[in-house]
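Report on the structure
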Amino acid sequence: MAQGDGTRADSETALQRRDPYAINWRLVAAVVVLQAVLLVVSPPLVVFALIEVMIFALYASALNLLLSFSGMVSFGHAVYFGLGAYGLALSITHFDFPIVLGIIAGPLVSAFFGLVYGILCVQLTAIYAAMLTLACAEVTYAVVFQWFDVTGGDSGISGHVPTMLGLAPHQFGLVVLCVVTVAILMLWRVVYSPLGLTIRAVGQNPARAAALGHGRKSVQLIAFVISAFFSGVAGTLFGIFHGNVFPDYVGVLFTVDGLLMVVLGGLYSFGAGIYGAIVYKLLDNLAAHYFQYWQLVVGVIIVIVVIVSPSGIAGLVRRVVERIGRRL
Amino acid sequence: MTAGAISQPALRVRGLHKQFGRFVALDSVDLTVDEGEIRAIIGPNGAGKTTLINVLSGQIVADRGSVEVAGRRLRRQHPHQVAKLGVGRTYQISSTLRRMTVFDNMLCAHNAVSGHWFSLRAGRLRTMEDTVLADLKTIELDGLADRVVDDISHGDRKRLEFGMVLATRPKVLLLDEPTAGMGLRERHELIDLVLAVTRERGLTLVFVEHDIDVVFKAAESITVMALGGVFAEGRPDEIAANSAVQDIYLGGNG
Ligand SMILES: Nc1ncnc2c1ncn2[C@@H]1O[C@H](COP(=O)(O)OP(=O)(O)O)[C@@H](O)[C@H]1O
Ligand SMILES: [Mg+2]
């Protein structure tokens, strides 16, 4: 009896098995079109907010590759965000790169530091590895802050690139939309490729992954470098958006922003960074507008969301979609 | 039994010693398992059975002694390197990827040995689908393919873990209490499956087991461990007739 059921279920799964990890192009197109329309019709202040949301959605998604899938925690991810912006600035001011090359250099500088720091961090596991990411970040911040001749210290670097490349806000917004969309789709491809399956296996259960033949260190290092690279893409965009770079960009506040977005968005879900960035930045803007102690308000809201839905906004969205699906 | 004079034993362990602090977990253990042999390891809790499996799979480095897999001496290899030598293991507490589906767990196992684990081409995963489904059928979990492992029964998880190890095409299977915590029927079904696959593929099987019925049904030879050492070794009938073994272990079973 059970045997019969099993066979029937199997032939059905075999027939109906559609790839759950294929990119949903219709959804992507809908979101991109909607966002493009918003960018074109909104007043500049809203466009600025939208641009910031997109950049942070990419940054948080890159961080999410580590937190949700690779089994690592980074308490210093702003380093890879900020070094993108510094890579852009320094390659132009110190090496006379043309702007286009500077833009390419930004993420590569992040990836390089991801490789160097990553090699150190994967030697340890769990909280020890996390503390080492923090230590690497502190060292980087100190160097960036104090090496005045090169980095300009706390007055940063500006004027190396025209703010928003000299484009109108909505035009620059469309550029950011393209870059961020492509980058997030690439992250999707990473997570749901053979490499991503390996990363997720190591992240979920290093002992089992090892028994299957995967070495933890090399796999986690690859994930770390990829995450650093895409954080660097976000940071480079941020540097162009503001036309400057400050030590804050590699500082602890940007790190915390990223972590909060992922947790708010919902760990173990690909969309965590996107949902988290949207809601966090929305809260941030609204609360700052209406409340004196806005950071407290944002903090309380995050605590409530995480308690009500430990799987974050992604979990809420999933449940709502399932419920609607059942009604239809 | 099929091992000729020329072929190396699948596993050869000599003088293995391991201490945790001052506690001696393995005390000069010698063990030789021939190719194609089915060997049970029994012994009371704390005898050092899991520690022995951990040393054989590279999880723990012994203080002294040598381990040879198919004539190759292990030198502080990491677990994933030992796995690549053809040694597959399961854990006393089943070790799977709990947030993934049963299907994806099996896919992971195939991916690991595909030679393309670093590929970015999602299409490569799709080409493995048929093999994955066939493997799930072999371990009779095809009906649960789309269930998340967290939601399946303990017994099914043990079964899945065994299936994943099989998918990596090991030559030597090390199963640490493969039927622990299972019901009587489930237990015999799983061990029948293990035996069928082992014989069909000519694998070498070393398994730790507490259920004496299962041990005597499956094993061609038995190693009895106690206090970190090998206490007795022999064919099932020899072990059954050994009064010292009965005293320390089989006694309770009458
Ligand atoms: N990592 C460890 N650290 C300290 N003691 C350990 C460790 N692993 C096992 N032991 C001890 O070694 C002894 C043998 O354990 P184990 O090999 O798990 O026994 P068995 O599997 O035969 O029940 C036990 O007393 C256990 O407490
Ligand atoms: Mg044990």
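What counts and what doesn't
- Each chain has its residues counted from 1, following the order in which its sequence is written.
- As they are written, the chains are lettered A onward and the ligands numbered 1 onward, keeping that order.
- Local features in a predicted model are, by the rule used here, given only for residues with pLDDT of at least 70; side-chain atom pairs are given and counted only at 80 or more, and totals for whole chains, interfaces and linings are based on all residues.
- The basis for every side-chain value is the complete set of heavy atoms in the structure, and neither hydrogens nor water enter the calculation.
- Strands here mean DSSP runs of E at least two residues long; helices mean DSSP runs of H or I at least four residues long; both are numbered from the N terminus.
- Restricting the calculation to C-alpha atoms gives the radius of gyration, and the globule rule supplies 2.2 Å times the number of residues raised to the power 0.38.
- Exposed residues in this analysis have more than 50% of their type's maximum accessible area, buried residues have under 20%, and partly exposed residues fall in between, with area computed by a 1.4 Å probe over protein chains only.
- We call two residues in contact whenever any of their non-hydrogen atoms come within 4.5 Å of each other.
- Computed with the Shrake-Rupley method and a 1.4 Å probe, the accessible areas treat only the protein chains shown as cover for residues.
- Charged-residue counts in this description rest on Lys and Arg as positive and Asp and Glu as negative, His and the chain ends being excluded.
- For this purpose, a charge sits on NZ of Lys, CZ of Arg, CG of Asp or CD of Glu.
- A patch is a set of surface residues, each over 30% in relative accessible area and not in a salt bridge, joined within 9 Å for like charges and within 5 Å for the nonpolar side chains Val, Leu, Ile, Met, Phe, Trp and Tyr.
- Each reported salt bridge corresponds to a side-chain nitrogen of Lys or Arg within 4 Å of a carboxyl oxygen of Asp or Glu.
- It suffices for a single heavy atom of a residue to lie within 4 Å of a molecule or strand for the residue to be listed as near it.
- Polar contacts, as used here, are pairs of N or O atoms within 3.5 Å; protein pairs need one atom able to donate a hydrogen and one able to accept it. Residues neighboring in sequence count only if both atoms are side-chain atoms.
- By the convention adopted, Pro, Cys, Tyr, Trp, Phe, Met, Ile, Leu, Val and Ala count as nonpolar, Lys, Arg, Asp and Glu as charged, and the other residues, Gly among them, as polar.
- Shown as donors are all N, O and S atoms within 2.8 Å of a metal ion, widened to 3.2 Å for Na, K and Ca; because water is not in the atom set, sites may appear incomplete.
- The criterion is simple. A nonpolar core is a set of buried Ala, Val, Leu, Ile, Met, Phe, Trp, Tyr and Cys residues joined through side-chain atoms within 4.5 Å.
- The domain limits used here are those given by an automatic or database domain assignment.
- Strands pair, by our definition, only if DSSP identifies at least two bridges between them.
- Lines fitted to C-alpha atoms define the axes here, with helix axes fitted over just the stretch in contact, and angles between the N-to-C directions of these axes take values from 0 to 180 degrees.
- Working definition: rings of Phe, Tyr and Trp (its six-membered ring) pair if their centres are within 6.5 Å, and the pair is stacked with planes under 30 degrees apart, edge-to-face with planes over 60 apart, and tilted otherwise.
- Either the NZ atom of lysine or the CZ atom of arginine qualifies as a charge over a ring when it sits within 6 Å of the ring centre and within 35 degrees of the ring normal.

Our next topic: the overall build of chain B. In terms of helices and strands, chain B carries 10 helices and 10 strands. Against the 2.2 N^0.38 benchmark of 18 Å for 254 residues, chain B shows a C-alpha radius of gyration of 18 Å, consistent with a compact globule. Its C-alpha atoms give chain B principal-axis dimensions of roughly 55 × 40 × 40 Å. Across the 254 residues in chain B, those meeting the buried criterion constitute 56%. A sequence separation of at least 24 residues applies to 67% of the contacts in chain B between residues at least 6 apart. Carbon and sulfur atoms form 49% of the exposed surface of chain B, whose accessible area is close to 11,200 Å². Distance between charge centroids for chain B: 8 Å, based on 31 positive and 32 negative side chains.

Moving on to a positive patch on the surface. A contiguous patch of positive charge, built from Arg318(A), Arg319(A), Arg323(A), Arg326(A) and Arg327(A), is present on the exposed surface. On the basis of relative accessibility, which here comes to 72%, the residue Arg327(A) falls in the exposed class.

What follows covers the site of ligand 1. Residues and elements named next belong to chain B. Lining the immediate surroundings of ligand 1 are Phe20, Phe23, Ala25, Pro44, Asn45, Gly46, Ala47, Gly48, Lys49, Thr50 and Thr51. Thr50 has a polar side-chain atom sitting 2.7 Å from an oxygen atom of ligand 1. Note that an oxygen atom of ligand 1 is positioned 2.5 Å from one of the side-chain N or O atoms of Thr51. Burial of ligand 1 by the surrounding chains reaches 60%, relative to a free accessible area of 560 Å². When residues of the shell around ligand 1 are traced back to their parent elements, those giving at least two are β2 (23-33) and α1 (49-56). Here the element with the most residues in the shell around ligand 1 is α1; it accounts for 3 residues. Class assignment for the residues of the shell around ligand 1 results in 5 nonpolar, 5 polar and 1 charged.

The next thing to look at is the coordination of the magnesium ion (ligand 2). Tetrahedral metal sites with four donors have an ideal angle of 109.5 degrees; octahedral sites with six donors have ideal angles of 90 or 180 degrees. Residue and element names in this part refer to chain B. All of the protein donors around the magnesium ion (ligand 2) are Thr50 (OG1) and Gln92 (OE1); their distances to the metal are 2.0 to 2.2 Å. Of the two residues, Thr50 is situated in helix α1 and Gln92 in the loop between β6 (87-90) and α3 (102-112); the sequence distance between them amounts to 42 residues. Classification of Thr50 as partly exposed rests on a relative accessible area of 27%. With relative accessibility at 32%, the residue Gln92 sits in the partly exposed group.

So, on to the nonpolar core. Of all hydrophobic cores here, the largest spans 136 residues; its most connected members are Ile55(A), Leu58(A), Leu136(B) and Phe207(B). In terms of residues, this core owes the most to one element, helix α3 (residues 44-70) of chain A, which gives 16 residues. Each of two domains, domain 1 (8-80 + 171-178 + 205-254) and domain 2 (87-169) of chain B, supplies a minimum of three residues to this core. The contact partners of Phe207(B), leaving out residues within four places of it in the chain, are Ile38(B), Arg39(B), Ala40(B), Ile41(B), Leu175(B), Pro178(B), Ile191(B), Val214(B), Val215(B), Ala218(B) and Ala219(B). Grouped together as the second largest cluster of nonpolar side chains are 27 residues, Leu11(B), Val29(B), Val33(B) and Val206(B) included.

On to the sheet that holds strand β10 (residues 229-234) of chain B, then. Residues and elements named next belong to chain B. Strand order across the open sheet formed by 6 strands is β6-β7-β8-β3-β9-β10, with mixed pairing between neighbours. Single-partner strands in this sheet number two, and they are β6 and β10. Strand-to-strand twist in this sheet, taken as the mean axis angle between neighbours without regard to direction, amounts to 15°. Pairing analysis gives 5 bridges linking strand β7 (residues 172-176) to strand β8 (residues 204-208), with the strands arranged parallel. Bridge pairing in β8 links Leu175 to Phe207.

Moving on to the packing of aromatic side chains. All names here are of chain A. In total, this model carries 25 aromatic pairs over all chains according to the counting rule given. Ring plane angle 90° and centroid distance 5.7 Å describe the contact between Phe112 and Phe113, whose orientation is recorded as edge-to-face. Ring centres of Phe238 and Phe254 lie 5.7 Å apart, and the angle between their planes is 75°; on these two criteria the pair is classed as edge-to-face. You can see Phe238 sitting in helix α11 (residues 216-242) and its partner Phe254 sitting in helix α12 (residues 252-265), a full 16 residues away along the chain. Considered together, Phe238 and Phe254 belong to a single accessibility category, that of buried residues. Of the aromatic side chains, those joined through ring pairs into one cluster are Phe56, Tyr59, Phe81, Phe238, Phe246, Tyr249 and Phe254. Taking the ring centre of Tyr21 as reference, the NZ or CZ of Arg200 above it sits at 5.6 Å. Above the ring of Phe56, the side-chain terminus of Lys281 is found at 4.3 Å from the ring centroid.

What follows is about the interface of chain A and chain B. Interface size is often expressed as the accessible area that is lost when the parts come together. Between chain A and chain B, the residue contacts involve 32 residues of the former and 43 residues of the latter. Joining chain A to chain B, the criterion identifies 1 salt bridge. Where chain A packs against chain B, one counts 16 residue pairs in polar contact (both at pLDDT 80 or more). Counting only elements with at least two residues in the side of chain A that touches chain B, the list comes to α1 (2-16), α8 (169-191), α9 (194-204), α10 (206-212) and α11 of chain A. Looking at which element gives the most residues to the side of chain A that touches chain B, the answer is α9(A), with 7 residues. A per-class count over the side of chain A that touches chain B returns 16 nonpolar, 10 polar and 6 charged.

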